[in-house]
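Observations on the three-dimensional arrangement
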Amino acid sequence: MNNKTAILITILIIVFSSIALTLWKVSNRHLERTVLVVQKRIIESALDCFNDDVCLNDKVTLGELIKKGYLSKEINPLTKTYYSDESYVTKKELTFVEM
């Protein structure tokens, strides 16, 4: 193997490595944003329920939101499974807690 071949192989390895790393970062960022969108949709549904005075407790579960028609079953993008009906949103902090 001469120097030109070694340099060419090294450049190709660097290029393919940087492309693979970029694709991995973009994929992870997309997945994180997808999770955030689902969580915001759940929180907004709970907020609507609180504002309509339908949900009177400070803690509302996904099961309650689904029964009252504010939300449909949501899938966790990371695990590809449905969120538990026992997962909840608290009114005080408007945070989603996954069970």
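Described below are features of the structure shown in this document. Because the structure is a prediction, the values reported are computed rather than measured.

**A word on the nonpolar core**
Counting residues in hydrophobic clusters, the biggest one holds 14 residues, and the most contacted among them are I42, V60, L65 and F96. Top contributing element to this core by residue count: helix α1 (residues 3-51), with 6 residues. Among residues more than four places away in sequence, those in contact with L65 are I42, S45, A46, C49, C55, V60, Y70 and L71.

**What to know about the pattern of salt bridges**
In this structure the tally under the stated criterion is 3 salt bridges. Across the salt bridge formed by K68 and E64, the nearest N and O atoms sit 3.9 Å from each other. Overall, E64 belongs to the partly exposed group, its relative accessible area being 26%.

**Considering the side chain of E74**
Here E74 lies in the loop between α2 (62-67) and β2 (75-76). Among the polar contacts made by the side chain of E74, one reaches the side chain of R41 at a distance of 3.0 Å. Sequence-distant contacts of E74, that is, excluding residues within four places in its chain, are made with V38, R41, I42, T81, Y82 and Y83.

**Brief notes about a nonpolar patch on the surface**
A surface patch of nonpolar side chains, amounting to about 770 Å² of accessible area, comprises I7, L8, I11, L12, V15, F16, I19 and L23. With respect to the helices, strands and loops of the structure, F16 is situated in helix α1. Residue F16 is classed as exposed on the basis of its relative accessible area of 56%.

**Focus: a negative patch on the surface**
Residues E44, D48, D52 and D53 make up a contiguous surface patch of negative charge. Within the secondary structure layout, D53 lies in the loop between α1 and β1 (59-61). The exposure class assigned to D53 is exposed, which follows from its relative accessible area of 58%.

**Comments concerning the packing of aromatic side chains**
Summed over all chains, the structure comprises 0 aromatic pairs. In this structure, K59 packs its charged tip against the face of Y88, placed 4.3 Å from the ring centre.

**Observations concerning unusual backbone geometry**
Despite not being glycine, D53 shows a phi value in the positive range, around 60°. Residue K80 is not a glycine yet carries a positive backbone phi of 60°. Following the sequence through the fold, K80 ends up in the loop between β2 and β3 (81-82).

Analysis parameters
- Residues numbered from 1 in each chain as written.
- Predicted model: local features only at pLDDT ≥ 70, side-chain atom pairs only at ≥ 80, totals over all residues.
- Heavy atoms only, no water.
- Core = buried A, V, L, I, M, F, W, Y, C linked by side-chain atoms within 4.5 Å.
- Buried < 20%, exposed > 50% of the residue type's maximum accessible area, 1.4 Å probe, protein only.
- Helix = DSSP H or I, 4+ residues; strand = E, 2+ residues; numbered from the N terminus.
- Contact = heavy atoms within 4.5 Å.
- Salt bridge = Lys/Arg side-chain N within 4 Å of Asp/Glu carboxyl O.
- Polar contact = N/O pair within 3.5 Å; in protein donor to acceptor, adjacent residues only side chain to side chain.
- Patch = residues over 30% accessible without salt bridge, like charges linked within 9 Å, V, L, I, M, F, W, Y side chains within 5 Å.
- Areas by Shrake-Rupley, 256 points an atom, 1.4 Å probe, with all protein chains shown as cover.
- Lys, Arg positive; Asp, Glu negative; His and termini not counted.
- Charge placed at Lys NZ, Arg CZ, Asp CG, Glu CD.
- Phe/Tyr/Trp six-rings, centres within 6.5 Å; stacked < 30°, edge-to-face > 60°.
- Lys NZ or Arg CZ within 6 Å of the ring centre and 35° of its normal.

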